[in-house]
Amino acid sequence: MMRKFSACIDMLFVPETDDFCQRIELAKAAGFEQVEFWLWSNKDLDAVERTLQQTGVTLAGIVAEPFAELTRDSDHDRFLAGLENSRDVAVRLGAPILICQSGPLLEGVERARQHAALTRAMARSADVLTGSGVRLALEPLNDRVDHPGYYLTSTAEALDIVDAVNRPEIGLTYDMYHSMVMDEDPESVLAGRLNRIFHAHIADHPGRNQPGSGSLPLLQKLAWLEGQGYAGAVGLEFRSTGSTADALEQMRGSLG
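Now for a look at the structure at hand.

**Some details on the packing of aromatic side chains**
Thought 1: One pass over the full model with this rule turns up 2 aromatic pairs.
Thought 2: Centre to centre, the rings of F20 and F37 are 5.1 Å apart; their planes meet at 90°, and the pair counts as edge-to-face. With F20 in helix 1 (residues 20-29) and F37 in the loop between strand 2 (34-36) and helix 2 (45-55), the pair connects residues that are 17 residues apart, well separated along the chain. Each of the two residues, F20 as well as F37, counts as buried.
Thought 3: One residue, R111, lies across the ring of Y151, its end atom 4.0 Å from the ring centre.
Thought 4: Above the face of the F198 ring, R135 is positioned so that its terminal group lies 3.7 Å from the ring centre.

Here it is in structure tokens:
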């Protein structure tokens, strides 16, 4: 398994075991050097830390908690208080990236106001993270299949927010699956701003399953991403159609 890939163990190795830490061990056995997961607040952090140390697997990223309506100024303080805790957990577990979402599109509120509120949330988040070595990666998602009602569906808008904040602590999680479901072309939307991408995710479409199960040109687009100098982790955030081993075998055949 190539070093760049990170196994999202909230989706991979799920058919094999309910034991979360055992998924780290299974990822190691499958050749992964990195894993990632979503929520930390419902995990046994002592056990996770111990298993990471025992296996030598590193943690590529976790989700910044709590989920919040960052398009609404009144929810920022709650998010930022949680971000302090998420930052400390990330430092403890050695995760360089926290991933966050924008929250919902608010009805009856001008989009420009929501954009401005989200930008302010990212700027304030940068202050929380300064000096920690942990960076926050805002993630656009699709609202056509997986996340109806989500605000930040445009990679270009997300990049504009990161550019406006212009702090080294703030960047993007670029999920190729979500982007291409929204009919974006990675080479177009990322052109000239690849340095803003802290983390990446892939899955195929339709189905959000393993690469090779759908119709997305993931091999071509990943090759372009790497050719442009992206050296971060690529999270495998997909649902296996069968066993994880079979899904990874199909992925290898698809991505080379």
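**Remarks on the sheet that holds strand 1 (residues 5-8)**
Thought 1: Read around the barrel, 8 strands follow the order 1-2-3-4-5-6-7-8 and close on themselves; strand pairing throughout is parallel. Averaged over all pairs of adjacent strands, the angle between their axes in this sheet comes to 30°, without regard to strand direction.
Thought 2: Summarising the sheet, strand 1 and strand 8 (residues 234-236) pair through 3 bridges and their orientation is parallel. By the bridge assignment, F5 is partnered in strand 8 with V234.

**As for helix 3 (residues 76-93)**
Thought 1: Over its 18 residues, helix 3 extends 25 Å from the first C-alpha to the last, a length consistent with the 26 Å expected when each residue adds 1.5 Å.
Thought 2: The inward-facing, buried residues of helix 3 contact helix 2, strand 3 (58-63), strand 4 (97-100), helix 4 (111-129) and strand 5 (135-138).

**Quick notes on the pattern of salt bridges**
Thought 1: Taken as a whole, this structure holds 19 salt bridges when the rule is applied.
Thought 2: Two residues, R111 and E157, come together in a salt bridge whose shortest N-O distance is 3.0 Å. Of this pair, R111 sits in helix 4 while E157 sits in helix 5 (residues 155-165), and the two are 46 residues apart along the sequence.
Thought 3: Ionic pairing is found between R252 and E249, a salt bridge with its closest N-O pair at 3.4 Å. Here E249 and R252 lie together in helix 9 (residues 244-255), a separation of 3 residues that amounts to about one turn.
Thought 4: Since its relative accessible area comes to 32%, R252 is described here as partly exposed.
Thought 5: Taken together, the shared-partner salt bridges in this structure form one network comprising D160, D163, R193 and R196.

**Some points on the pairing of strand 4**
Thought 1: Going residue by residue along strand 4, you find I97 and I99 tucked away on one face and L98 and C100 tucked away on the opposite face as well.
Thought 2: Where strand 3 and strand 4 come together, 3 bridges link them in parallel fashion. From the neighbouring strand, V63 faces strand 4, where its bridge partner is I99.
Thought 3: In the classification by handedness, the crossover that spans strand 3, the intervening helix 3 and the parallel strand 4 is right-handed.
Thought 4: Sheet analysis places strand 4 next to strand 5, joined by 4 bridges and oriented parallel. Within strand 5, the position partnered with L98 by the bridge is L136.
Thought 5: Each parallel crossover has a hand, and the one from strand 4 via helix 4 to strand 5 is right-handed.

Cut-offs and rules
Residues numbered from 1 in each chain as written. Predicted model: local features only at pLDDT ≥ 70, side-chain atom pairs only at ≥ 80, totals over all residues. Heavy atoms only, no water. Phe/Tyr/Trp six-rings, centres within 6.5 Å; stacked < 30°, edge-to-face > 60°. Helix = DSSP H or I, 4+ residues; strand = E, 2+ residues; numbered from the N terminus. Buried < 20%, exposed > 50% of the residue type's maximum accessible area, 1.4 Å probe, protein only. Lys NZ or Arg CZ within 6 Å of the ring centre and 35° of its normal. Pairing = 2+ DSSP bridges. Axes fitted to C-alpha atoms, helices over the stretch in contact; angles between N-to-C directions. Expected span 1.5 Å × (residues − 1). Contact = heavy atoms within 4.5 Å. Salt bridge = Lys/Arg side-chain N within 4 Å of Asp/Glu carboxyl O. Right-handed = clockwise from strand over helix to strand, strands pointing away.

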